[in-house]
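If you want the building blocks of each chain, they are given just below.
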Amino acid sequence: MSIIDKYILKRYLSTFVVMLLMFIPIGIVIDVSEKVNRMLQNKVAFKAIAIYYFDFTIYFANLLFPIFLFLSVIWFTSKLANNTEIIAILSSGISFNRFLRPYIIGATTVSLFSLLMGFYLVPSASEGFNNFRYTYLRGNGLNEMRKSSDVFRQISDNEYIYVQNFNSKAGIAFKFTLAKFDKNNKMVFKIDADKIKYNPSSKNYTMFQYRKRTLGLLNDKLEKSPKRDTIFNFDLEDLAPTVYVAETLSFGELNKFIDRERQRGSSSINTYLVVLYKKYSIPVSAFILTIIAVAVSSMKRRGGMGMNLAIGIALAFIYIFFDKIFGVLAEKSSIPPLLAVWIPNIVFGILAIYLLRNAKR
């Protein structure tokens with residue numbers, strides 16, 4: 001790499017890191033202000049809070065990684081343009097494609113790092129992030145997460161389970177129900193428990209305030225017990241909320257989990273696929289957004305950096321809108337998850353090609 005390449009690459013990476021260091025503390029402050037009352041009420045230990053915000057940092061950075069990268073490239077490229085450095089570089093005989101080389105190298109570096117984080121580091125952080133909220137923030141936190149905390153799942157051809165909420169760290173689920181039906185869709189029996197806990201050593205489950213109702217032709221049989229141990233034919237992660245469990249699995253575990261859910265005929269398979277495909281689409285977006293940012297900010301405008309940042313923020317919000325809308329459509333409609341996840345990159349990829357051609361002119 002030439003001196004210019006090293007100079008631009010250094011600015012690319014350093015500005016991106018600074019952008020993260022600027023916005024992540026803001027996110028932490030906002031999160032603390034919303035949750036400090038619940039933390040004080042539940043007397044959460046400082047160590048647990050520190051670990052939570054470490055996980056929050058990774059979770060938050062991965063969630064908004066494309067936007068941070070996009071704004072950081074617009075910021076430092078606009079400064080180059082305002083200082084007429086880009087004009088000097090292009091006037092020396094360097095083509096616009098050659099000028100893009102350090103940007104592509106920087107995007108490659110950031111994308112590889114994001115890919116590895118998405119495969120291994122982010123799932124662990126997501127698990128810690130969600131566990132803390134389920135453990136200590138029930139109340140306001142429970143209402144906030146109600147849509148993803150209730151789990152109703154088919155575990156075999158004629159058996160269904162339901163839990164109100166689940167703590168994967170402790171291996172405990174609350175308000176557990178298991179119902180079995182016969183071939184005519186008539187209930188055979190129903191098991192209820194206020195709480196169910198998984199025992200790793202014996203690989204069985206302990207039910208608290210156990211109740212079982214077996215339906216008969218003339219009379220029903222009722223069983224009750226304060227505590228009962230048993231073995232079920234479902235896995236611990238089957239008790240986790242749909243998105244929750246998918247986000248907390250590493251790349252290999254997620255693929256195995258999706259294969260198993262396909263065999264079971266899970267109705268939530270599209271939700272799992274969205275999580276899987278986003279692990280690939282987010283790193284690719286780094287290249288697309290980098291090209292758009294360079295094309296938008298490499299020209300010296302009358303409005304200066306403010307105009308470039310305004311355009312950049314508008315495009316960033318449009319990208320977030322597309323990403324969220326099509327992610328929901330993939331989960332709730334008949335749109336194939338792979339297409340839905342990649343539509344934002346396809347649309348913005350076409351925009352990147354158009355803007356790049358105009359920038360070369």
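For the structure, see preceding data.
What you see is a predicted model; the values in this text were computed from it and never measured.

Enquirer: It is not clear to me how the overall build of the protein should be interpreted in this structure. Could you clarify?
Expert: Per the secondary structure count, the protein includes 13 helices and 7 strands. The principal-axis extents of the C-alpha atoms in the protein amount to approximately 95 × 45 × 35 Å. Contacts in the protein between residues at least 24 apart in sequence constitute 62% of all its contacts with a sequence separation of at least 6. When the accessible surface of the protein is split by element, carbon and sulfur atoms take 62% of a total near 19,300 Å². Side-chain charges in the protein split into 45 positive and 25 negative, and the spacing between the mean points of these groups amounts to 7 Å.

Enquirer: Looking at this model, I keep getting lost on the packing of aromatic side chains. Mind explaining?
Expert: For any pair of aromatic rings, geometry is given as the distance between the ring centres together with the angle between the planes. The full count for this structure, using the stated rule, is 29 aromatic pairs. With centroids separated by 5.5 Å and ring planes inclined at 65 degrees, the aromatic side chains of Phe99 and Tyr103 adopt a geometry described as edge-to-face. Relative to Phe232, the ring of Phe176 lies with its centre 5.6 Å away and its plane at 50 degrees, an arrangement referred to as tilted. Here the residue Phe176 occupies a position in strand β4 (residues 172–181), and Phe232 occupies one in the loop between β7 (221–230) and α9 (242–247), the gap between them amounting to 56 residues. Owing to a relative accessible area of 1%, Phe176 belongs among the buried residues under this scheme. Judged by its relative accessible area of 14%, Phe232 falls in the buried class. Members of the aromatic cluster, each reached through a chain of ring pairs, are Phe23, Tyr52, Tyr53, Phe56, Tyr59, Phe60, Phe68, Phe129 and Phe132. Sitting over the face of the ring of Phe208, Lys195 holds its NZ or CZ atom 4.8 Å from the ring centroid. Above the ring of Phe189, the side-chain terminus of Lys212 is found at 4.6 Å from the ring centroid.

Enquirer: Is there a simple way to think about the nonpolar core in this case?
Expert: Nonpolar side chains in soluble globular proteins tend to be buried together. Counting residues in hydrophobic clusters, the biggest one holds 54 residues, and the most contacted among them are Tyr12, Leu69, Phe70, Val73, Phe99, Tyr103 and Ile292. Among the elements that make up this core, the one with the highest residue count is helix α3 (residues 65–82) (11 residues).

Enquirer: Got a minute to help me understand the pairing of β4 in this structure?
Expert: A regular strand carries its side chains on alternate faces of the sheet. Two strands pair when backbone bridges link them, and strand β2 (residues 159–163) and β4 are joined in this way by 4 bridges, in the antiparallel orientation. Residue pairing across strands places Tyr162 opposite Thr177, the latter belonging to β4. In this sheet, β4 lies alongside strand β3 (residues 165–167) in antiparallel orientation, the contact comprising 3 bridges. Across the sheet, the residue bridging to Phe166 is Ala173, located in β4.

Enquirer: Help me understand the environment of Leu351, please; the structure alone is not making it clear to me.
Expert: The residue Leu351 is located in helix α13 (residues 337–360) in this model. Residues Leu351 and Ser78, 273 residues apart in the sequence, show an inter-C-alpha distance of 19 Å. Residue contacts for Leu351: discarding those within four places in its chain leaves Ile292 and Leu315.

Enquirer: How should unusual backbone geometry be read in this particular structure?
Expert: Leaving glycine aside, a negative phi is the common case for residues, and trans is the common case for peptide bonds. Here the phi dihedral of Lys43 falls at roughly 50 degrees; this positive angle occurs in a residue that is not glycine. For Lys43, the location among the structural elements is in the loop between α1 (3–41) and α2 (46–63). For Asn185, which is not glycine, the phi torsion reads 65 degrees and is therefore positive. If you trace the backbone, Asn185 turns up in the loop between β4 and β5 (187–199). According to the relative accessible area criterion, Asn185 is exposed, its value standing at 64%.

The rules behind these values
- Residues numbered from 1 in each chain as written.
- Predicted model: local features only at pLDDT ≥ 70, side-chain atom pairs only at ≥ 80, totals over all residues.
- Heavy atoms only, no water.
- Helix = DSSP H or I, 4+ residues; strand = E, 2+ residues; numbered from the N terminus.
- Contact = heavy atoms within 4.5 Å.
- Areas by Shrake-Rupley, 256 points an atom, 1.4 Å probe, with all protein chains shown as cover.
- Lys, Arg positive; Asp, Glu negative; His and termini not counted.
- Charge placed at Lys NZ, Arg CZ, Asp CG, Glu CD.
- Phe/Tyr/Trp six-rings, centres within 6.5 Å; stacked < 30°, edge-to-face > 60°.
- Buried < 20%, exposed > 50% of the residue type's maximum accessible area, 1.4 Å probe, protein only.
- Lys NZ or Arg CZ within 6 Å of the ring centre and 35° of its normal.
- Core = buried A, V, L, I, M, F, W, Y, C linked by side-chain atoms within 4.5 Å.
- Pairing = 2+ DSSP bridges.

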